[in-house]
Amino acid sequence: MQLSRLRISAVRQFREPLEITDFQAGLNIFAGPNESGKSTIVRAIRAAFLERHRSSTVDDLRPWDDSTAAPSIELDFTIGTNRYRLRKSFLHKKSCDLEIAGQKLESNEAEDRLATELGFQLALRGASKPELWGIPGLLWIEQGNGQEISEAVGHATDYLRGALQDSLGEMASSMGDSVLKHIVSERAKLLTITGKPTGVLAQAIQERDSTQSRLDTLQASITQYRQQVDHLGGLREQLVLTEQDRPWKSYRAKLQEAETQYAQVQQLEQQHQQERRNLMSHERQVELLSREINGFTEQEDRLKERAAAMQKAQEQCDSVNARLTPLLQQQEAADLVYQEALEHTRQSRQQAQRFHLEQDILQKQQQLQTLSKSLLAAEGVTAKITDLQQHSKASVMSADDLNTLQKQDKKLQELLIRQQSIATRLRFTLEPDATFHLDGEILSGKGERLLTHPVTLKLPQIGSLHIQPGGGDLVALQREYQTLNDTQCSLLQKLGTPSLDSAEALSLQQQRYQQDIKNAEDLLAIHAPEGINVLLSQKQTVEMDIAHTTDQLAAMPIGAESLILDPALAEEQQEGARQHLQRITRDLNQSQEARIKAQAEYTAAEREFRTLQEAVQDPQYAQRRKASQQELLQKIAERDAFTQRVQDLQMRIAAAQPDILQQDIERWRRSAENAEKQFQQLRDQILQLETRLESAGAEGLEEQYAETTAQLEQLTRRHGELYRRAQALELLQKLLQEQRQALIQRLQAPLQKHLQHYLRIWYPQARLSLDDALQPGALTRPGLAGQEENPFDALSFGAREQIGVISRLAYADLLREAGRPTLLILDDVLVHSDAQRLREMKRILFDAAQRHQILLFTCHPENWQDLGVTPRSMDALRLA
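Keep in mind the model is a prediction, meaning the values are calculated, not measured.

A. Region of interest: the overall build of the protein chain. Each helix and strand counted, the protein chain has 20 helices and 20 strands in total. Against the globule reference of 29 Å for 880 residues, the protein chain gives a C-alpha radius of gyration of 61 Å, more extended than a compact globule. Reported as C-alpha extents along the three principal axes, the dimensions of the protein chain are approximately 160 × 130 × 65 Å. Looking at the protein chain as a whole, 39% of its 880 residues are labelled buried. Counting 105 positive and 124 negative side-chain charges, the protein chain places the averaged centre of each group 5 Å from the other.

B. Quick look at helix α19 (residues 835-848). Taking 1.5 Å as the rise per residue, α19 with 14 residues should run 20 Å; its terminal C-alpha atoms sit 20 Å apart, in good agreement. The distance from a side-chain oxygen at the start of α19 to the backbone nitrogen of Gln 836 is 3.2 Å, and the residue carrying that oxygen is Asp 834.

C. Local environment of empty space enclosed by the protein. Taken as a whole, the second largest cavity spans an internal volume of roughly 60 Å³. Around the second largest cavity sit Met 1, Leu 118, Ile 135, Pro 136, Leu 139, Trp 140, Pro 821, Thr 822 and Leu 823, which together line it. Ranked by the residues each element gives to the lining of the second largest cavity, the list is headed by helix α3 (residues 134-139), at three residues. Tallied by class, the residues present in the lining of the second largest cavity amount to eight nonpolar, one polar and no charged.

D. Here's a closer look at the side chain of His 272. Within the secondary structure, His 272 sits in helix α8 (residues 248-344). By relative accessible area, His 272 is classed as buried at 9%. Setting aside residues no more than four positions away along its own chain, His 272 makes contact with Val 646, Leu 649, Gln 650 and Ile 653.

E. Quick look at the packing of aromatic side chains. Following the criterion strictly, the structure yields eight aromatic pairs and no others. Linked through ring pairs, Phe 49, Phe 77, Tyr 84 and Trp 140 together constitute an aromatic cluster. Here the guanidinium or amino end of Arg 46 rests over the ring plane of Trp 133, the centre of that ring lying 5.0 Å away.

F. Spatial organisation of the pairing of strand β14 (residues 463-467). The sheet contact formed by strand β13 (residues 455-459) and β14 spans five bridges and is antiparallel. Bridging across to β14, Leu 459 finds its partner in Gly 463. Counted between consecutive antiparallel strands, the loop separating β13 from β14 contains three residues, among which Gln 461 sits at a positive phi close to 60 degrees.

G. The environment of Met 544, seen in detail. One can find Met 544 in helix α13 (residues 532-555). Between the C-alpha atom of Met 544 and that of Lys 364, which follows or precedes it by 180 residues, the distance is 9.9 Å.

H. Representation of the layout of surface pockets in the model. Taken as a whole, the second largest pocket encloses approximately 550 Å³ of empty space. Taken together, 23 residues form the lining of the second largest pocket, with Glu 292, Lys 384, Leu 388, Asp 516 and Arg 624 sitting closest to its centre. The element that contributes the greatest number of residues to the lining of the second largest pocket is helix α12 (residues 500-527), accounting for seven residues. Across the lining of the second largest pocket, the residue classes tally to eight nonpolar, six polar and nine charged.

I. Spatial organisation of the packing of helix α18 (residues 797-817) against α19. Running from amino to carboxyl end, α18 crosses α19 at an angle of 10 degrees, the nearest separation of the two axes being 11 Å. Taken together, α18 and α19 sit at an angle that is classed as roughly parallel. Across from Ala 799, Gln 802, Val 805, Ile 806 and Leu 809 in α18, the residues of α19 making contact are Arg 837, Met 841, Ile 844, Leu 845 and Ala 848. Counted by class, the contact of α18 with α19 contains eight nonpolar, one polar and one charged residues.

J. Representation of the sheet that holds strand β18 (residues 824-827) in the model. Across the sheet, five strands lie side by side as β8-β18-β19-β3-β20; this open sheet has parallel pairing. Both outer strands of the open sheet, β8 (140-141) and β20 (872-873), are each paired with one neighbouring strand and no more. Judged from the two bridges that link them, β8 and β18 form a sheet pairing that is parallel. Among the inter-strand pairings, Trp 140 is bridged to a residue of β18, identified as Ile 825.

K. Local environment of the sheet that holds strand β17 (residues 786-790). Taken together, three strands build an open sheet; the order of strands is β15-β16-β17 and the sheet is antiparallel. For this open sheet the edge positions go to β15 (767-770) and β17, each flanked by a neighbour on one side alone. Each neighbouring strand pair of the sheet contributes to a mean axis angle of 25 degrees, computed without reference to strand direction. Both strand β16 (residues 776-783) and β17 contribute to a ladder of five bridges, which runs antiparallel. Residue pairing for β17: Thr 780 is matched across the bridge by Glu 789.

Reading the values: rules and limits
- Residues numbered from 1 in each chain as written.
- Predicted model: local features only at pLDDT ≥ 70, side-chain atom pairs only at ≥ 80, totals over all residues.
- Heavy atoms only, no water.
- Helix = DSSP H or I, 4+ residues; strand = E, 2+ residues; numbered from the N terminus.
- Rg over C-alpha atoms; globule rule 2.2 N^0.38 Å.
- Buried < 20%, exposed > 50% of the residue type's maximum accessible area, 1.4 Å probe, protein only.
- Lys, Arg positive; Asp, Glu negative; His and termini not counted.
- Charge placed at Lys NZ, Arg CZ, Asp CG, Glu CD.
- Expected span 1.5 Å × (residues − 1).
- Polar contact = N/O pair within 3.5 Å; in protein donor to acceptor, adjacent residues only side chain to side chain.
- 1 Å grid on protein atoms, 1.4 Å probe; cavity = no way out; pocket = protein on both sides within 12 Å on 5 of 7 lines; lining within 4 Å.
- Points joined across faces, edges and corners; volume = space filled by probe spheres on them.
- Nonpolar A, V, L, I, M, F, W, Y, C, P; charged D, E, K, R; others polar.
- Contact = heavy atoms within 4.5 Å.
- Phe/Tyr/Trp six-rings, centres within 6.5 Å; stacked < 30°, edge-to-face > 60°.
- Lys NZ or Arg CZ within 6 Å of the ring centre and 35° of its normal.
- Pairing = 2+ DSSP bridges.
- Axes fitted to C-alpha atoms, helices over the stretch in contact; angles between N-to-C directions.
- Parallel < 35°, antiparallel > 145°, perpendicular 65-115°, else oblique.

Set out below in structure tokens:
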């Protein structure tokens, strides 16, 4: 087979048609870098032959950026003396046309014709697979697969064997294949490939075994019939005895006794549940009273904490005052130094029915007593809640208003501190008997005043000084302080309270009322969880139940149940004195701010202490605490009594073992039901057995048994005849196959001859063996220790690739001798060969090109310049 023209269009990167028209009969080399289109040409040739034109799984042929393209391929080639032209289009325009010396074939017919001539198969549906490629899959080496020879040969074995037989001619026809095929065919009628019976032999075995099974069934039926006759007599005797004893009657009497005992235990359980509810109620009351007493303790603890906080604040005030005295002295000294420096330089949550009714009345009476106590207690608690709510309404102080007052007071304190921090300080020391007036105030002796607003200082016999203290910040602070103070006074007037202290006391009193209301509501929830009306309704319902039960009971018959600077230059003295005075003044201001803050903290702590102290010293406080403690002791005693009653009931219930009583009830009930059911089943069983025995006696089992025995003897003889024939055919097939295997070894000789031709060039004195599937086996060659034998898979990658190419060339020679078409496609092969081996492989390829057309694709054209063929550039082909 020789290609003469190739045209591809809309295939991968070849969006525009690419045509090659001058293929050589021998070696054709196509060279170009990666991504230049070499593999695309190989893929196009493969698709033209191996893919069905109607396949939808060849999207890889489509140009990468065109989803509507219809890849098309045209090939002109010759096989022998016949010229072929193949046109195939995929995807959107699916078609296949084949011209052979003027004959035109289309579609599947054309594809099947090529598959037959070239030695491959086409997929019935979907993409083509390697196992279908046959001879093309062997001779067309894909990039990177030169060393993979085993699977390719396996998929082409049948075609290679056919070529071997054609080349051997009569020797192949003397193998006796027709006889062997006949023997195999006859054996297959009796045995499978694995030697298991099939066909008439399997049918004979099945009929024999079926008859034997039927005979065994008849024998079992006869034996069973005889046993059933004996069994029927025993059942009749058992029925008579059961009718006399009637055991279910005694079981039902014991069932009634167990039910009565269980009803009594249920009454105890109801009493136990009621006592548990009473116990839980008292435990809740104890918990509430304990929490109330803890509240008193916590309030006293807070009083101690406030006393400690007040003591701590007093200590802070004393500490700050202790720091102020030396700071004032330091300021006076620094001011004197500064004045001296300024003078020099100027700077510074029914059987037990009566008994049941009586117990029900007792239980309802206990329940009525409990409900009456709860109702009485609930009414008392309700009255207490009403009284507390009235007191609470009389002392309304919302948390938001109190929070606003506290924030305003804190802001006023901060504004006062900031005013005092930046206010002008007037410090004076007057001679004895000397005075002056400051806004009407007569000052004498020694002292200090903070000036936060404009004042007039009148000096007798001298005149007046108008002092404007601070600056804009002080005026703004004074204005902000006055505005905030007016706002707080307005809010206090609105709330009807004279001061923040009274507001906080009012809020504390209101919180105490709210806590008392909550405690009372919790207590009310214990006595009347669903409300007094529901509790009253429950009481009325219980009274009605008692009356109704009493009527029922009456109607029943009787019987039912500082740094001072050293002297230096005048300017340095002035600046140093000024900075020192500034630092002292800043420290003094900070200390004064700290004193004001400490005083404010002391005042707040003292206010809170007084409020808590008044609350604790209130006579009602001690009375409430004492009452709560006494009530707690009483509830604890009642709780312990209920606990003892619950434990006593638990012991009585446990001693009665209600679970065992339930089991007894169920056991006696089941026993009675089972006894009656077994009696009925015994009568039904006797009736059914009598019916079956009558039917079996009419079937003639003995006659059927004799007839089936005769059939089994005949079928056993038939099976023996077929089994002996199968064994004879098995032996004959084995002998013929052994003779055929010897002939296969003779068939390998032609392929071995072609392999040896190329091995002589590649590695003199080397020999490559073939296995039964005509695949390359071990390589034998001279070594240091004599002849060395290496399995094909143990060779290096490069050696396996070289032998893979050599083997394919030998297969091609074998096919050519048999008159089969050959075409070799080598895509980037022998890239792992060293220089020496590559030279030998080029000699081999040149030799093979004398007999076959070879298409070699490479990205290393420099390696193939010495083959007598000019490599064809892929770029030149695209521009042609």
